[in-house]
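Inside the fold
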Amino acid sequence: MPEPDLVNIKIDGIAVRVPKGEKVIESAKRVGVDIPFFCYHPRLSMEDGGANCRMCLVEVAAAGPDGSVRKMPKPQTACSLPATEGMEIITNSESVRADRRGVLEFLLINHPLDCPICDRGGECPLQNNTLHYGPDTTRYVEEKRHFPKAYPLSDFVVFDRERCIHCARCTRFTTDISGDAQLGFLKRGADMEVGTFQHTAFTSRFSGNVIELCPVGALLSRPYRFKARPWDLLTQRSLCTRCSNGCCIKLDYRLDKLQRVNARLNEEVNEEWTCDRGKFGMDYVSSDRRLRQPMVRRGGDLEPATWEEANDLIIARLQEAGPRIGGIGGASTANEDLYVWQKFFREMLGSHNLDHRMGPHFPPTREGLFARFGHHTMASSIAGLEGMKTILVFGSNLVDEQPILFLRVRKAWRFRGASVVEVIPQPAAPLDYPNHVSEFASVSLRIRPGTEVAFLYGLLNVMLAEKLLPESAAARSAPLAQERSRWSPERTAAECGIGADALARAARLLATDRLAILAGRSVTQHPEARAVLDMLGNLAVLTGNPDALSVPVTECNEQGAMDMGILPDSLPGYVPDPTPGLNTEQMLRAAAAGELPLLWLVGVDLLGSFHDPDLARHALEACPFVVANALELDETARLA
Ligand code: SF4
Ligand code: SF4
Ligand code: FES
């Protein structure tokens, strides 16, 4: 990346060289000068309501066309002011202090005196700025505006309209970051309020982020409301376990109970965002439903037991069963436990029946990926997606499968100029999920299921015919020539149920030297997954992007389960198992047929996760002895 041009500026008399065009509020941080703000946020754009709170006003002198430095007649907003050569900024004059007092006095006119009962109290930018920069008292004696308190925007977010200072952080988040644009300003003047379209529910997958962004106690968490004061909380750094994206989070505890989850900054992964599944889905940590001692079935009912009793029972049944046992699960279990579990199974119990996969197909997809490209899941970092010219989202409901990857893909499109091509192997009927990628994709194609390989051949044909590929591509694609010759663009379009022009538009965007391909669940669960992935790999190689193809996993430690050998044909480190065992489906069929006397489930709600819950239930009911390592007595554990 080229070095940015630097300019010389002064802030309160301190000389500093900063990138040309950097916002002055950021430059001030470099020299330790604090400029207060409310609406500014470095990840939110200035459009649609930026620079509106005026809290960051500073005095500015800038060089004119003749080179002389002259003071601007009015104060400027430091959050929107780009640094230019010779600029001089004053943040500590009496005039600036008066501006800040004035801005805060205006903001507090309609702000209720709720601090003692506001969840934001103690960590509130409005409280802090008022204390440091505000007036000592109010001159406003008229009636403040009133709204009903705690208006529910959704199951997770409540809104106190009286406290809102109209900073537009929340509205810009839904426009700039999550992209669902569900929050906007309604009405005008003193009546202006944040709201959803016609007061419908705020259903964003990322709604919880606005709670952290709101600089006052206007947008609040419903589950956390009145649960604690910030100074009562102990914070633990942690990682979210609700999907494979691995967001960095902070767990806030009070009285040994988890009270709330906030995002923790990690520029490489989640930046400072979480999805709602993570932010509001960690309540199991302190849930009263958690099992605190072993349960053993006696006389038809599961009853509390001692560890000795449970262990003795398991040992006796394992000895009876011998190697005719199966182990299922582990995609949300730590690597160390998984390693020991598979070693115990394979070496001590003599069973190779181990699997963590829940889908209908068990193709050796990852091995093919590893053999060809040297990775099993992601080819590039999440942050690396920002540097792409084109991102192909192939067969993925990205916003649900990979929420944080979705945010990066969207960021790459909105702020970095990337194009997005989406291919959905589903008929043109309405999707059963809100397909947010289609809303910004340059090309979104719904192809007939089963035509993925044909589609990719057709795509290559367009690229070769239009000479869009590097010179080496013609020779490299020679082994594909025979099959490729069957898929002219016209025939491909007809087979896939798309227009030939759309195919060509996709080909032109995908023939680039900075391409990322994200293959989703429709690919990994495809009966011909290996063939589809091979062709996606060909697309990556022939466009000159051998590191383009990522096939992310979805469960939080699915990668670890693969690495540690929770696979019927793979030992830890992907060493082929010389005596492969049964996969999940085969184990369940064997158990249902009475051929597997013992099943051991580790951290998996089989009835909720396995693609065929009827088979899972039948297997669990038919199996004479089921051990379930579960956090709580879920539907599956009840059948143990
Ligand atoms: S609700 Fe909060 S974030 Fe949204 S405009 Fe009001 S003060 Fe700003
Ligand atoms: S994206 Fe995944 S890891 Fe991140 S908060 Fe959501 S569920 Fe958790
Ligand atoms: S922070 Fe600059 S105008 Fe709000």
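Per chain, residue numbering runs from 1 following the sequence as it is written. All chains are assigned letters beginning with A, and all ligands numbers beginning with 1, in the order in which they are written. Given that the model is predicted, a residue must reach a pLDDT of at least 70 before its local features are reported, and side-chain atom pairs must reach 80 or more before they are shown or counted; all residues, however, enter totals for whole chains, interfaces and linings. Only hydrogens and water are set aside; all other atoms, that is, all heavy atoms of the structure, feed into the side-chain values.

Side chains carrying opposite charge are able to pair once their charged atoms draw close together. By definition here, a salt bridge exists when the distance from a side-chain nitrogen of Lys or Arg to a carboxyl oxygen of Asp or Glu is within 4 Å. The final tally for this structure, using the stated rule, is 42 salt bridges. A salt bridge links Glu212 to Lys279; the shortest N-O distance between them is 2.8 Å. One end of the pair, Glu212, is in helix H5 (residues 209-213); the other, Lys279, is in helix H6 (residues 276-279), and 67 residues separate them in sequence. Note on Glu212: relative accessible area 26%, which makes it partly exposed. Relative accessible area serves as the criterion here: at 7%, Lys279 is assigned to the buried category. Taking the shortest distance from any N to any O, the salt bridge between Arg346 and Asp577 comes out at 3.1 Å. Numbering of helices and strands starts at the N terminus; helices are DSSP runs of H or I of at least 4 residues and strands are runs of E of at least 2. Relative accessibility decides the category of a residue: with a 1.4 Å probe and only protein chains considered, values under 20% of the type maximum give buried, values over 50% give exposed, and everything between is partly exposed.

Turning next to the sheet that holds strand E22 (residues 515-519). Strands were regarded as paired on the criterion that DSSP finds at least two bridges between them. If you walk across this open sheet you meet the five strands as E21-E20-E19-E22-E23, and the pairing is parallel. At either margin of the open sheet sits one strand with a lone partner, and together these are strand E21 (443-446) and strand E23 (549-550). In the sheet, strand E20 (residues 419-424) pairs with E21 via four bridges, with the strands oriented parallel. Among the inter-strand pairings, Glu422 is bridged to a residue of E21, identified as Ser444. In this description, contact between two residues means that some pair of their heavy atoms is separated by no more than 4.5 Å. All axes here are fitted lines through C-alpha atoms, helices being fitted over the stretch that makes contact, and every angle between N-to-C directions spans 0 to 180 degrees. Strands strand E19 (390-394), E20, E21 and E22 of the sheet are contacted by helix H16 (residues 500-510), whose axis makes an angle of about 130° with E21. Docked against the sheet, helix H18 (residues 529-542) engages E19, E22 and E23, running at close to 170° with respect to E22.

Proximity is defined per residue: if any heavy atom of the residue lies within 4 Å of a molecule or strand, that residue is considered near it. Surrounding ligand 1, one finds 15 residues, the nearest of these being Cys164, Cys167, Ala168, Cys170 and Cys214. Assessed atom by atom at 2 Å from the grid points, ligand 1 resides in the largest cavity. Only Asp, Glu, Lys and Arg are considered charged in this grouping, and only Ala, Val, Leu, Ile, Met, Phe, Trp, Tyr, Cys and Pro are considered nonpolar; every other residue, Gly among them, is considered polar. Its residues assigned to classes, the shell around ligand 1 comprises 13 nonpolar, one polar and one charged. Buried and open spaces are told apart on a 1 Å grid over the protein atoms alone, a cavity being a set of points where a 1.4 Å probe fits but cannot get out and a pocket being an open set with protein on both sides within 12 Å along at least five of seven lines. Residues with an atom within 4 Å of a point are the lining residues. Molecules are considered to sit inside a cavity or pocket once more than half of their atoms lie within 2 Å of its grid points.

What follows covers the site of ligand 2. All residues adjacent to ligand 2 are Cys240, Arg242, Cys243, Asn245, Gly246, Cys247, Thr274, Cys275, Gly278, Pro403 and Ile404. For ligand 2, the cavity whose grid points lie within 2 Å of the majority of its atoms is the second largest cavity. Per-class residue counts for the shell around ligand 2 are six nonpolar, four polar and one charged.

Grid points are joined across faces, edges and corners, and a volume is the space filled by probe spheres set on the points. With the rule as written, the count across this model stands at two cavities of 30 Å³ or more. Roughly 90 Å³ of volume is contained in the largest cavity. In terms of lining, the largest cavity is formed by 14 residues, of which the most central are Cys164, Cys167, Cys170, Val194 and Cys214. Per-class residue counts for the lining of the largest cavity are 13 nonpolar, one polar and no charged. Empty space within the second largest cavity amounts to approximately 70 Å³. Surrounding the second largest cavity, Cys240, Arg242, Cys243, Asn245, Gly246, Cys247, Thr274, Cys275, Gly278, Pro403 and Ile404 form its lining.

If you walk across this open sheet you meet the four strands as E18-E17-E26-E27, and the pairing is parallel. The open sheet terminates on both sides in strands that have one partner only, identified here as strand E18 (354-355) and strand E27 (625-629). Sheet topology places strand E17 (residues 325-329) next to strand E26 (residues 598-602); five bridges connect them, and they run parallel. Within E26, the residue paired with Gly329 across the bridge is Val602. Together, E17, E26 and E27 form the strand contacts of helix H7 (residues 307-321), whose direction differs from that of E26 by roughly 130°. Most of the contacts of helix H20 (residues 584-592) go to E17, to which it runs at about 135°, and overall it touches E17, E18 and E26.

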